[in-house]
Amino acid sequence: MTQHSEQSGHRVAFVCVQNAGRSQMAAAFAERERDRRGAGNRIEIVTGGTQPADHVHDIVVEAMAEVDIDIGDRTPREVTPEELQAVDLVVTMGCSASDVCPATWNGENRDWGLDDPHERPIEEVREIRDEIDERVVALFDELLSETPSAE
């Protein structure tokens, strides 16, 4: 009988400074993608910021509602160093990892270099949203191709 390996799944953190725009969109798309692919037991999603805003930006809530994802009830939260220590991959949104968190983490870091949607016109927010959606889908393709199937 084999021991259950900790490596059978992935923990991914989507992090930005305010946790009110890009990282919220990324986490919401990741949750949708995880559900679509039936990967709930293999991918854990964490999101947070180092200086969380009071609420998710209204323009971001509006842009996500256009693609039938409601994030209006979400609240930006602070990501803890302990959470970052426990993830395999930290995705920052255009603010370098050193700016985001002085704490180190054991996993990989990627920066997606996205513009901040705050106070942007809806047309620009839609472009940012669509780019995040594409990047999340590609990330899931990559993560799930590395994970052996449970079948």
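Refer to the structure presented above.
Owing to the predicted nature of the structure, the values given are computational and were not obtained by experimental measurement.

**Quick look at the overall build of the protein**
Logical step 1: For the protein, the count of helices and strands is five helices and four strands.
Logical step 2: Its helices and strands in sequence order give the protein the pattern β-α-β-α-α-β-α-β-α, from N to C terminus.
Logical step 3: When the 151 residues of the protein are sorted by exposure, 45% land in the buried category.
Logical step 4: For the protein, the proportion of contacts with a sequence separation of at least 24, taken over those separated by at least 6, is 70%.
Logical step 5: About 8100 Å² of surface is accessible on the protein, with carbon and sulfur atoms providing 44% of the total.

**Looking at helix H2 (residues 58–65)**
Side chains three or four residues apart in an α-helix point the same way, a direct result of the helix having 3.6 residues per turn.
Logical step 1: Taken together, the buried positions of H2 are Ile-59, Val-60, Ala-63 and Met-64. What you see down the axis of H2 is that its buried residues fit within an arc of 130°, all on one side.

**Looking at the environment of Glu-44**
Logical step 1: Turning to its location among the elements, Glu-44 is positioned in strand E2 (residues 43–49).
Logical step 2: Counting along the chain gives 32 residues from Glu-44 to Val-12, while the straight-line C-alpha distance between them is 6.2 Å.
Logical step 3: The residues touching Glu-44, leaving out its near neighbours within four places in the chain, are His-10, Arg-11, Val-12 and Arg-34.

**Remarks on unusual backbone geometry**
Logical step 1: Even without being glycine, Asn-19 reaches a positive phi, approximately 55°.
Logical step 2: You can see Asn-19 is positioned in the loop between strand E1 (10–16) and helix H1 (22–36).
Logical step 3: We classify Asn-19 as buried; its relative accessible area is 0%.
Logical step 4: One non-glycine residue, Asp-68, lies in the positive phi region at around 60°.
Logical step 5: Tracing the sequence through the fold places Asp-68 in the loop between H2 and helix H3 (81–85).
Logical step 6: What makes Asp-68 exposed here is its relative accessible area of 74%.

Parameters and conventions
The residue numbers shown here count from 1 along each chain, following its written sequence. In keeping with the predicted nature of the model, local features appear solely for residues at pLDDT of at least 70, side-chain atom pairs appear and are counted solely at 80 or more, and the whole-chain, interface and lining totals rest on all residues. Computation of side-chain values: all heavy atoms of the structure, hydrogens and water removed. For the purposes of this entry, the term helix denotes a DSSP run of H or I that reaches at least four residues, the term strand denotes a run of E that reaches at least two, and both are numbered from the N terminus. Residue burial is assigned from relative accessible area. The probe radius is 1.4 Å, only protein chains are included, and a residue is buried under 20% of its type maximum, exposed over 50%, and partly exposed in between. Residue contacts follow a heavy-atom distance rule, with two residues in contact if any of their heavy atoms lie within 4.5 Å. A 1.4 Å probe and the Shrake-Rupley method give the accessible areas. Residues count as covered only by the protein chains that appear here. By construction, the arc corresponds to the directions joining the helix axis to the C-beta atoms.

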